[in-house]
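Listed below, chain by chain, are the residues.
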Amino acid sequence: MSKAAELANLIGNINAGGGGVNRNVIINGAMNVAQRATSSTGLGNGTNGYFTVDRFKMEITSSGALTMTQDSSAPSGFANSLKLDCTTADTSIASDELLVLATRIEGQNLQQFAKGTSDAKPFAVSFYVKGNASATYVCELFDADNTRQISKTFNVTTDWTRVELTFPADTTGAFDDDNGSSLSVNFWLHAGSDNSSGTLNSSAFASNTNANRAAGISSFFDSTDRTFFITGVQLEVGQNPTEFEHEPFERTLTKCQRYFQNAARNANANEHIGDSMGHAENTTRVDFIISLHPNMRATPSVTKVGNFIFRENGSNREVTSINLNGASMDRRLWIEGTTSGHTDEASGRIYTNGTNVGITIDAEL
């Protein structure tokens, strides 16, 4: 083999196709965007959703509880992290308990891994973590399209450390090429015997066996002193994780808004909501339009936050509820609001009535 061929072969083996720009498929891995809130308290049993930092979902089945925040503690080169702080301990662990921090990825954003083919590529995961004390947790890749998974342990200390994990290629089960959730990167921080009583499946992707998903981990809920910080989360093609790929804030925000947007949230009182005049379809319904920036992953759900009003002919009519009209158009949502007492066919504006008022628009995985 020539020297040039040897060098090409070496470079190819270093990262098996990784490197370059746009290599990180994790959105908001630097924890810079938090559209919903910067802090959420009292997260406990039954918690399942997004609360602070965008694209990172909390799932809790436990009598323990925690506070989740976007925190300013971070390693060099980062400004933010996601922090979990145990506020209620749980030292009597039932079999079905769990605490998982997860980020989910669309299948159409994973095709470069060539999973399920003879050309399948390995997965390189890296992130920074710290806590209040030494602990052992699990990072899992869960293939939702084919119900396959693989898990690896990682250690946390009181100092920021970078964790680098390589997961082997999987020639079984391709990711769907669509906008659904195909892969979940799960950080297991607490697990009962249903998910921890087996042997950790760490060497190769396999059909899911729950007992093997989080075997050998510590419990985040073992003490109210317990904390967990994470940032710089990256998933890329290859067998050697590369330096975290930073991107401009506005680019990260736009990516996050594909899944969640606020309309006039955190606005001042009497701020206009929507793009045009509201129109009364009858005496109990008023319609108005909200533009999307950018368009969203799928048809979203809409939720009214706080109080707002339909102002017509100098009178204020409270909008008591809203729903999404099925005739909504690309990049625009047609909102139907329930009101009363206004004139049929009247036109007016939709205004906030107080602070921290608006509409949340949700198309999360």
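Above this text sits the structure in question.
Sequence order as written defines the numbering, with residues in each chain counted from 1. Predicted model: local features are reported for residues with pLDDT of at least 70 only, side-chain atom pairs are reported and counted for 80 or more only, and whole-chain, interface and lining totals are derived from all residues. Hydrogens and waters are ignored; side-chain quantities use all the structure's heavy atoms.

### Things to note about the packing of aromatic side chains
Working definition: a ring pair exists when centres of Phe, Tyr or Trp rings (six-membered ring for Trp) sit within 6.5 Å. Plane angles under 30 degrees give stacked, over 60 give edge-to-face, the rest tilted. Under the definition given, this model contains twelve aromatic pairs. With centroids separated by 6.4 Å and ring planes inclined at 90°, the aromatic side chains of phenylalanine 123 and phenylalanine 175 adopt a geometry described as edge-to-face. You can see phenylalanine 123 sitting in strand 7 (residues 123-131) and its partner phenylalanine 175 sitting in the loop between strand 10 (161-167) and strand 11 (181-191), a full 52 residues away along the chain. For every residue, the accessible area (1.4 Å probe, protein chains only) is compared with the maximum for its type, and the residue is labelled buried under 20%, exposed over 50%, or partly exposed between those bounds. We classify phenylalanine 123 as buried; its relative accessible area is 0%. The class of phenylalanine 175 is buried, set by a relative accessible area of 6%. Here tryptophan 160 and phenylalanine 229 contribute two aromatic rings whose centre-to-centre distance is 6.1 Å and whose plane-to-plane angle is 70°, an arrangement assigned as edge-to-face. Of this pair, tryptophan 160 sits in the loop between strand 9 (148-156) and strand 10 while phenylalanine 229 sits in strand 13 (residues 227-237), placing them 69 residues apart in sequence. Each member of the aromatic cluster is reached from another via a ring pair, and the members are Phe127, Tyr137, Phe154, Phe187 and Phe228. Looking at arginine 36, its charged tip hangs above the ring of phenylalanine 260, at a distance of 3.9 Å from the centre. By definition here, charges over rings are those cases where NZ of Lys or CZ of Arg is within 6 Å of the ring centre and within 35 degrees of the ring normal. Over the ring of phenylalanine 205 we find lysine 115, and its NZ or CZ is 5.4 Å from the ring centre. Counting from the N terminus, the helices are DSSP H or I runs at least four residues long and the strands are E runs at least two residues long.

### Quick notes on the nonpolar core
What makes a nonpolar core is a set of buried Ala, Val, Leu, Ile, Met, Phe, Trp, Tyr and Cys residues whose side-chain atoms join them at distances within 4.5 Å. Membership of the largest hydrophobic core comes to 45 residues, with the highest contact counts inside it found for Leu66, Phe127, Phe154, Phe220, Phe228, Ile230 and Leu235. When residues in this core are grouped by element, the largest group, five residues, is from strand 13. Any pair of residues with heavy atoms lying within 4.5 Å of one another is described as a contacting pair. In this structure phenylalanine 228 touches Leu82, Lys83, Leu84, Leu101, Val129, Lys130, Tyr137, Phe154, Val156, Leu189 and Phe220, once residues within four positions along its chain are discounted. Ala280, Phe308, Ile322 and Ala346 belong to the second largest nonpolar core, which has 22 residues in total.

### Let's talk about the sheet that holds strand 15 (residues 278-280)
Any two strands between which DSSP finds at least two bridges are classified as paired. One open sheet holds the seven strands; their spatial order is 19-18-22-15-16-21-20, and the pairing between them is antiparallel. With one partner strand each, in any of the chains shown, strand 19 (315-319) and strand 20 (321-324) form the two edges of the open sheet. Adjacent strand axes in the sheet meet at a mean angle of 35° when their direction is disregarded. For strand 15 and strand 16 (residues 285-291), the ladder comprises two bridges, and the chain directions are antiparallel. Directly across from histidine 279, in strand 16, lies its bridge partner aspartate 287. Fitted lines through C-alpha atoms serve as axes, helices being fitted only where they are in contact, and the angles separating the N-to-C directions of these axes extend from 0 to 180 degrees.

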